[in-house]
Every structure is written in C-alpha cells, then in structure tokens.
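# Breakdown of the fold
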Amino acid sequence: MYYHQYPQPHYYPRNTYFPVYPYLNETYIPKYRSYPGVDPTLFTESAGAMQQLMKEASIILKKLSESKDFASEVMGAAQEGKMEKVDQLLKSTGVHAGVKADYNPDGINLKLSSSVGETECCHLTITLRWR
C-alpha cells in the first residue's frame, strides 16, 4: 500500500496516512471520466450565424452614430414607450435578424438573435446609454 509522503496538516494526528492514488494518464482512465464524441457542425454554423449578427449590429450602430435625426427618433420613441416603433425604425436600417429593443431610463438594450435550422443558436445584446 502507498502512503502520502508529504507532512500532514496540523489537525490530523501525526501517524495518520492517506492512500496515494495512481496519477491519471492515457493508460488509466476511469469510467466516470469518459466524454462523448465531438461533432462541431452546429458549433461552426453558430459561429457563422454570429458573424452575420455582428455585421447587422454594425449596420445599426453605424446608422445611429452617423445620423443624429435617426438617433433622436429612436430615443424619443423609446422614451415614449413606443417599442413597436423603435423595432420598426431599427429594421428600417436593413437588418434581417430578429431585433428586440428594451428601454430603461439610462439607455436602450438591443437584442439580436439568429437560428441555425430550427435551433436558436445565437444572441447578441448591445447596451447603449444616453444618460
């Protein structure tokens, strides 16, 4: 039997020994450590869908940063609680992803989402402050 070679902590009696277990390596893999096989198909498709979401987010941000009229229209509609109008204004920028906007007194949260096939895979949240 193998025994622990290092000094024991002070709260154990000096003659207490702990068994040493073999190190895990390629030859010894316990059954509870087996992992399923990997299929990166959905993962890579999700990454591609996220790239598209980021491009669409860039379109919205570009429009908001370059047009003060558009930004004030979005801000005014959000402060009045007209979220349907805010969604309509954001979609008028030409984005195709699902855009949902939530207003709070300090700013707006834009949530873009996409799916691969029937699986909802990607979410991108943008928080913009105006106060």
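Presented here is a report on the structure given in the accompanying data block. (Residues numbered from 1 in each chain as written. Predicted model: local features only at pLDDT ≥ 70, side-chain atom pairs only at ≥ 80, totals over all residues. Heavy atoms only, no water.)

Turning our eyes to something else, we now look at the overall build of the chain. Across its full length, the chain holds 3 helices and 3 strands. Traced from its N-terminal end to its C-terminal end, the chain shows the element sequence α-α-α-β-β-β. Looking at the chain as a whole, 24% of its 131 residues are labelled buried. Taking as baseline every contact in the chain between residues at least 6 positions apart, the subset at least 24 positions apart corresponds to 39%. (Helix = DSSP H or I, 4+ residues; strand = E, 2+ residues; numbered from the N terminus. Buried < 20%, exposed > 50% of the residue type's maximum accessible area, 1.4 Å probe, protein only. Contact = heavy atoms within 4.5 Å.)

As enumerated under the stated definition, the model contains 2 salt bridges in all. Between Lys82 and Glu80 there is a salt bridge, with the nearest N and O atoms lying 3.0 Å from each other. A relative accessible area of 44% places Lys82 in the partly exposed class. A relative accessible area of 56% means that Glu80 is categorised as exposed. The salt bridge involving Asp102 is made with Lys111; its shortest N-O contact spans 3.3 Å. Residue Asp102 is classed as partly exposed on the basis of its relative accessible area, which comes to 34%. (Salt bridge = Lys/Arg side-chain N within 4 Å of Asp/Glu carboxyl O.)

According to the stated counting rule, one finds 1 aromatic pair in the structure shown. With 5.8 Å between their ring centres and 25 degrees between their planes, Tyr103 and Trp130 make a pair best called stacked. In this pair, Tyr103 sits in strand β1 (residues 98–104) while Trp130 sits in the segment after β3 (119–129), placing the two residues 27 residues apart along the sequence. Residue classification places Tyr103 among the partly exposed positions, given a relative accessible area of 33%. (Phe/Tyr/Trp six-rings, centres within 6.5 Å; stacked < 30°, edge-to-face > 60°.)

Moving on, we come to the packing of helix α2 (residues 68–79) against helix α3 (residues 83–91). In helix packing, the relevant descriptors are the interaxial angle and the interaxial distance, both defined with respect to the helix axes. Their axes nearest at 8 Å, the elements α2 and α3 cross at an angle of 155 degrees. With respect to α3, the axis of α2 lies roughly antiparallel. Seen along the crossing, α2 lies across α3 with a hand that is left-handed. For the pair α2 and α3, contact is made by Phe70, Glu73, Val74, Ala77 and Ala78 and by Met83, Lys85, Val86, Leu89 and Leu90, respectively. Residue composition of the contact of α2 with α3, by class: 8 nonpolar, no polar and 2 charged. (Axes fitted to C-alpha atoms, helices over the stretch in contact; angles between N-to-C directions. Parallel < 35°, antiparallel > 145°, perpendicular 65-115°, else oblique. Left-handed = near helix turned anticlockwise from the far one by under 90°. Nonpolar A, V, L, I, M, F, W, Y, C, P; charged D, E, K, R; others polar.)

With that out of the way, let us pick up the nonpolar core. The biggest cluster of nonpolar side chains holds 23 residues, and the ones touching the most others in it are Ile60, Val74, Val86, Leu90, Ile108, Leu110 and Leu112. Elements represented by at least two residues in this core include exactly α1 (41–66), α2, α3, β1, β2 (107–116) and β3. (Core = buried A, V, L, I, M, F, W, Y, C linked by side-chain atoms within 4.5 Å.)

The analysis is restricted to geometry; functional conclusions fall outside its scope.
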